[in-house]
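# Structure at a glance
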Amino acid sequence: MKEKAQRSIGRTAVVFQDSINKEATTEPLKEPVQSKTVSKEALNNGQEFTLGLDPVFHLTRHGLYKEGSKAKDYLCQALFVSEVVCNSKNNELNLKVTYFYQGKWNVTDWLKPIQITQNKIMELVNVGVDIPQTKAPSISLFLLCQYRKLTPVTSYSTLGWSKWNNEKGQEEIVFLQDNITSQNGEKSGVYIGERFDIQPKGSFKTWSNLIKSEVIGNTAMETAFLLSLSSITIAYFKMIPNAKDISIGLIHYNSPSTSGKGTMLALGLSIFGNPSQNHPKSLLRSHSSTYRALIKLLSDTHGLLIGLDEISATRGDKYEAKSKANLIYDVSNGRDSDRLNSSSELQEASVHSSLFLSTGEESLSDFTNNNQGVQVRTFELKGLVYTSSANQADHIKAICNQNYGFLAKKVSAVLLSTLPNVLEQEFSMWLQKFEKEFSSSNVESRMCRFLAAVMLGTFLVQKAMGIQMNADKVFDLLCQQNRMQLSSMNLAENAYQSLTRHLSSVENYFKSQRNQKTYSKNYGFITDKGKKRYYHINLSSFKNIMNELKFTNEEGIRKKWKELSVKGDSRFKFEKDRLSNRVIVEGKREEVVTLIFDLETEE
């Protein structure tokens, strides 16, 4: 429509002037019917609207008129201000103009009020608005008078949870989507951001029936569904004073290509908004996006879910795993990294508390270089099969692409209307169950809090949808998956096992009683004492070896090994005041990492 309008800019004034001459000869208008709100439906039904005293304007489906001394003067085709919003942060006003063009109603993008003033209004000709130049002052006056009579609706560019003052001046927590969900119900609101399509579409009943028929009874699907929903709960907890933080930044489905993981990604995103990969404002984004673009997506969102298909293929600005690690760190920490602008001034970092949901045939640990700091900020479902056939997968995706955006605000309404002590009891019940299954280490406590927030979703779904989920089976599956993840996150043991295997292949680079040769590489030396063999690895060589084995935090590994040594683990030897051992080599004291093996075991 815009392209057609632009092609006709040069002849627009002439065409519209011809229409003015024709319309001016029509028979007199009927008596106006008074109404407070102008709408295209009312105009289509033959209703006339009047506005002003001097001059008096008349608006009908056939056009806008101004009363003259003897007759009504035709100004232009029908147009009116259809929406006025007030930004919740800066109180700036924005408006939309609905206008008749080429036989149908059209709506402008958001405009500033200055754009309908006499000096600016002619620019609307570019999108097909009928503004004859000689009539521009009168048309501008009509629109300005009309928009001032409309009550502005609150607008916002943020999404998800937010805090602001209500009508009584009291601070309250609200959930922002296509409207405002508060403790007292829904209020009118308008999202004016450009990033996502979060306007509910289709039928909640159709979408709900899909959950009942396809998800309920399938434990893998129920688990994935609740993990997606947890973004709302985790972000809500961050709004509550003294609530324990849950620093999870990414949920990952790691399964083969025909497992249905992409289907579960679409289903999870449909909780919040448009999951269609072909839509420019979809919640599902391309795996080829840069780290900076992905972080920008989350800015000022709190409780949203962003999909990232095949994150294992996601490139950073320098195609490095470091960018992927930074992505997960920044998402879980709730803010972008600090950086300077072009004037070398520190930019204000964007904040957020939303999650990424990704899929891939590779595990997260495969492309995060065994970085435990990254791994504790993620949760992974490994090796699960969700759908039984391609037909089932296509059926689920088709319904989700046409019906979405309902459950997020329904669940937010449940959270806001439920007494805090009830939520606390439900959360604590699941937390205690997980804590019985796992130890009280810092890592495992963190994961237990996250999993309890996931299981709280069973309570929320029951309240919001009237659906009873198989909580016990989901709990068992989450425990199973968490054990697998904690096992892979046992960095100290994994590093020890990897290094042990590596040492057997590079033994020639160590001097010993059996090997006195000099090689281009010198990793250290080996000594045998009784039934023990000691590998003394030069500290610099140890760092290089661990880097080759893709263990980036070698100092953290040594720290953990020293803790094990203090507790009696005889495989390691460290001095009390350092993360190394010191030995005399050819009259010089050198820092080494010492590993001890039983000769019987080794041989």
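Read on for an overview of the structure. Only a predicted model underlies this, so the values are computations on that prediction, with no experimental measurement involved.

Analysis parameters
- Residues numbered from 1 in each chain as written.
- Predicted model: local features only at pLDDT ≥ 70, side-chain atom pairs only at ≥ 80, totals over all residues.
- Heavy atoms only, no water.
- Salt bridge = Lys/Arg side-chain N within 4 Å of Asp/Glu carboxyl O.
- Helix = DSSP H or I, 4+ residues; strand = E, 2+ residues; numbered from the N terminus.
- Buried < 20%, exposed > 50% of the residue type's maximum accessible area, 1.4 Å probe, protein only.
- Pairing = 2+ DSSP bridges.
- Contact = heavy atoms within 4.5 Å.
- Axes fitted to C-alpha atoms, helices over the stretch in contact; angles between N-to-C directions.

### Details of the pattern of salt bridges
- All chains considered together, the criterion is met by 16 salt bridges.
- The salt bridge involving D300 is made with K89; its shortest N-O contact spans 4.0 Å. Taken as a pair, D300 in the loop between α8 (291-298) and β16 (301-308) and K89 in the loop between β5 (79-87) and β6 (93-101) lie far apart in primary sequence, 211 residues in all.
- The salt bridge partner of E575 is R582, with a shortest N-O separation of 3.0 Å.
- With relative accessibility at 29%, the residue R582 sits in the partly exposed group.
- Each of the salt bridges in this network shares a partner with another, and the network as a whole consists of E575, D577, R578, R582 and E591.

### Let's talk about the pairing of strand β4 (residues 72-76)
- Here four bridges tie strand β3 (residues 63-67) to β4, and the two strands are oriented antiparallel to one another. Considered in β4, the bridge of K66 is made with D73.
- What sits between β3 and β4 in their antiparallel hairpin is a turn of four residues.

### Side note on the sheet that holds β5
- Ordered in space as β7-β6-β5-β8-β13, the five strands form an open sheet in which the pairing is mixed. The sheet is open, and its two edges are formed by β7 (104-107) and β13 (190-191), each paired on a single side.
- With three bridges connecting them, β5 and strand β8 (residues 153-156) associate as parallel partners. Its bridge partner being in β8, N87 is matched across the sheet by S155.
- Of the strands in this sheet, β5 and β6 touch helix α4 (residues 136-148), which is tilted by about 45° from β5.

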